[in-house]
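Summary of structural features
What follows is the residue order along each chain.
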Amino acid sequence: MTGFRTDAERADVARVERLTRVTGFFNPDEVRIAAELVDERLTKGKASGYEFVFVDAPDGDELLAYSCYGPIDGTQRSWDLFWIAVQPHAQGRGLGREVLRETERRIALAGGGLVWVETGGKALYQPTRAFYERCGYVEEARLRDFYAPGDAKVVYLREIAASSD
Ligand SMILES: CC(C)(COP(=O)(O)OP(=O)(O)OC[C@H]1O[C@@H](n2cnc3c(N)ncnc32)[C@H](O)[C@@H]1OP(=O)(O)O)[C@@H](O)C(=O)NCCC(=O)NCCS
């Protein structure tokens with residue numbers, strides 16, 4: 001069974017930086033921001049609004065996978081999933097789904113009910129959209145030309161059941 005860790009450590013700033021970079025999926029700005037969110041959590045604690053699920057590699061000092069998520073201010077039960085990434089060598093074996101399910105379980109425990117995810121509409125993001133759809137997420141909105149002409153933002157939603165354990 002996969003072991004999850006939720007307390008961020010100082011070393012996670014660099015680990016998240018390396019993990020997001022090695023996926024080849026995020027641009028340099030996004031890689032930097034992903035790492036900064038860990039730093040912000042370490043500095044501000046829960047008030048940062050950023051929560052994490054980490055999966056440590058069994059050997060070495062890297063992350064196998066992680067997610068970053070948080071409550072959306074001003075809403076009753078909406079939460080954002082900001083990032084999810086799995087090491088390339090560990091992809092396609094169900095780990096992304098496990099991390100997503102653990103993230104949803106924790107959101108439900110915290111009283112959340114709606115999980116929102118934003119992604120791009122371009123062909124590059126087809127695998128990401130397929131992943132979310134296979135995991136029960138439904139396209140809720142498509143904001144055409146959002147990023148650039150012909151480059152839409154796609155918003156996915158999954159409603160999760162309330163939980164007490
Ligand atoms: C997207 C990502 C997190 C998925 O993690 P993963 O461990 O490879 O995914 P899983 O093995 O858990 O797959 C779960 C489901 O999604 C589907 N899926 C995953 N990757 C897919 C792909 N490239 N194409 C089509 N379906 C895909 C799987 O088939 C599986 O569905 P099934 O079990 O019903 O057949 C991972 O590939 C990744 O880190 N990608 C780069 C970063 C990224 O895109 N992050 C999301 C944006 S923040």
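Treat the numbers as computed from the prediction; the structure is a model and nothing was measured. (Residues numbered from 1 in each chain as written. Predicted model: local features only at pLDDT ≥ 70, side-chain atom pairs only at ≥ 80, totals over all residues. Heavy atoms only, no water.)

If you check which residues of helix α1 (residues 12–22) are buried, you get D12, V13, R15, V16, L19 and T20. Viewed along the axis of α1, the buried residues span an arc of 165°, placing them on a single side of the element. Buried-residue contacts for α1 involve α2 (28–44), β1 (51–56), β2 (63–71) and β3 (78–86). (Buried < 20%, exposed > 50% of the residue type's maximum accessible area, 1.4 Å probe, protein only. Helix = DSSP H or I, 4+ residues; strand = E, 2+ residues; numbered from the N terminus. Arc of directions from axis to C-beta. Contact = heavy atoms within 4.5 Å.)

Around the ligand sit 19 residues, and of these I84, V86, G94, G96 and R97 come closest. A distance of 2.7 Å separates an oxygen atom of the ligand from a polar atom in the backbone of G94. When residues of the shell around the ligand are traced back to their parent elements, those giving at least two are β3, α3 (95–109) and α4 (126–134). Per-element tally for the shell around the ligand: the top contributor is α4, with 6 residues. For the shell around the ligand, a count of residues per class yields 11 nonpolar, 5 polar and 3 charged. (Near = heavy atom within 4 Å. Polar contact = N/O pair within 3.5 Å; in protein donor to acceptor, adjacent residues only side chain to side chain. Nonpolar A, V, L, I, M, F, W, Y, C, P; charged D, E, K, R; others polar.)

With that settled, the discussion passes to the pairing of strand β5 (residues 138–148). On any regular strand, side chains alternate: one points to one face of the sheet, the next to the other face. Strand direction decides the pairing type here: β5 and strand β6 (residues 151–159), joined by 6 bridges, are antiparallel. The residue bridging V138 from the neighbouring strand is L157, located in β6. Connecting β5 to the next strand, β6, in antiparallel fashion are 2 residues, including G150 with a positive phi near 80°. (Pairing = 2+ DSSP bridges.)

The subject of this paragraph is unusual backbone geometry. The residue D145 is not glycine, and still its phi comes out positive at about 55°. Mapped onto the elements of the fold, D145 is located in strand β5.

With that settled, the discussion passes to the pattern of salt bridges. Within this structure, the stated rule accounts for 23 salt bridges. Across the pair D61 and R15 runs a salt bridge, and its minimum N-O distance is 2.4 Å. Within this pair, whereas D61 is found in the loop between β1 and β2, its partner R15 is found in helix α1, the two being separated by 46 residues in sequence. The exposure class of D61 is partly exposed, given its relative accessible area of 42%. Judged by its relative accessible area of 8%, R15 falls in the buried class. The residue R158 makes a salt bridge to E104 at a minimum N-O spacing of 2.9 Å. With a gap of 54 residues between them, R158 in strand β6 and E104 in helix α3 connect regions that are remote in the sequence. Several salt bridges share partner residues, and in doing so they unite R5, E9, D12, R15, D56 and D61 into one network. (Salt bridge = Lys/Arg side-chain N within 4 Å of Asp/Glu carboxyl O.)

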